[in-house]
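# Geometric and topological summary
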Amino acid sequence: APWQMHGEFQGVPVRIERMQRGSRNRKRTYTRITVAFNEPLDWGLQVSHEGWLDRMATALGGEDVQIGGRQSELDKLVRIRIGAGPAGDAAESRRTSIEAELRKLFQDSSVSPAIIKLFEEYPGCIVDDAGMALESEGTVTDETQLRAALTALTNCVRPINRAREF
């Protein structure tokens, strides 16, 4: 049966859980480490490592919000999408507002380097409205490995939490 632990690590809410995907003889076990933002975003945010397939999808019209400015390294490293929501002028206005907030947050001098470092170290990281997560195949019980992943995630979540306090 799946198990999970939750608590705080360096003052940030965390959860470690074992999960299974697949069916019958194709089941795979994963360990998922999740670190939550203090306050969830309401952006439909999805940030993932940008691979060649993502670049191809973007070239064919797929979404990839560009942060721009001095953060061009971040733009090359990750693919950023926000929730589409319903069509219409109100939705487009909300989308424009979300993109502006997202750029302001990701251009923060402590946020962008933290995200770059996290994705360079852990390309499989996922960022969404709730926080950040890493998944490893198998059951991870090595304390050093768990501590390293938790440290990397919290080192990225803390600057985002601080930047959003104002």
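Everything below is about the structure printed above this text.
The structure contained in this document is the topic of the report that follows. Just so we're clear, the structure is a prediction, and the values are computed from it rather than from any experiment.

## Things to note about the pattern of salt bridges
- By the definition in use, this model includes seven salt bridges.
- In this structure, the salt-bridge partner of Arg32 is Glu135, at a minimum N-O distance of 2.5 Å. Of this pair, Arg32 sits in strand 3 (residues 28–36) while Glu135 sits in strand 7 (residues 131–137); the two residues are 103 residues apart in sequence, bridging distant segments of the chain.
- Classification of Glu135 as partly exposed rests on a relative accessible area of 31%.
- Across the pair Glu143 and Arg147 runs a salt bridge, and its minimum N-O distance is 3.1 Å. Of this pair, Glu143 and Arg147 are both found in helix 5 (residues 143–164), four residues apart, which corresponds to roughly one turn of the helix.
- Classification of Arg147 by relative accessible area gives partly exposed; the value is 44%.
- What you see here is one network of salt bridges that share partners, running through Arg21, Arg32 and Glu135.

## Section: the nonpolar core
- Of all hydrophobic cores here, the largest spans 40 residues; its most connected members are Leu45, Phe106 and Met132.
- Those elements giving two or more residues to this core turn out to be strand 2 (12–21), strand 3, helix 2 (72–77), strand 5 (78–81), helix 3 (89–106), helix 4 (111–121), strand 7 and helix 5.
- Among the elements that line this core, the one with the most residues is helix 5, at eight residues.

Cut-off values and rules
Residues numbered from 1 in each chain as written. Predicted model: local features only at pLDDT ≥ 70, side-chain atom pairs only at ≥ 80, totals over all residues. Heavy atoms only, no water. Salt bridge = Lys/Arg side-chain N within 4 Å of Asp/Glu carboxyl O. Helix = DSSP H or I, 4+ residues; strand = E, 2+ residues; numbered from the N terminus. Buried < 20%, exposed > 50% of the residue type's maximum accessible area, 1.4 Å probe, protein only. Core = buried A, V, L, I, M, F, W, Y, C linked by side-chain atoms within 4.5 Å.

Keep in mind that these numbers describe shape and distance, not what the molecule does.
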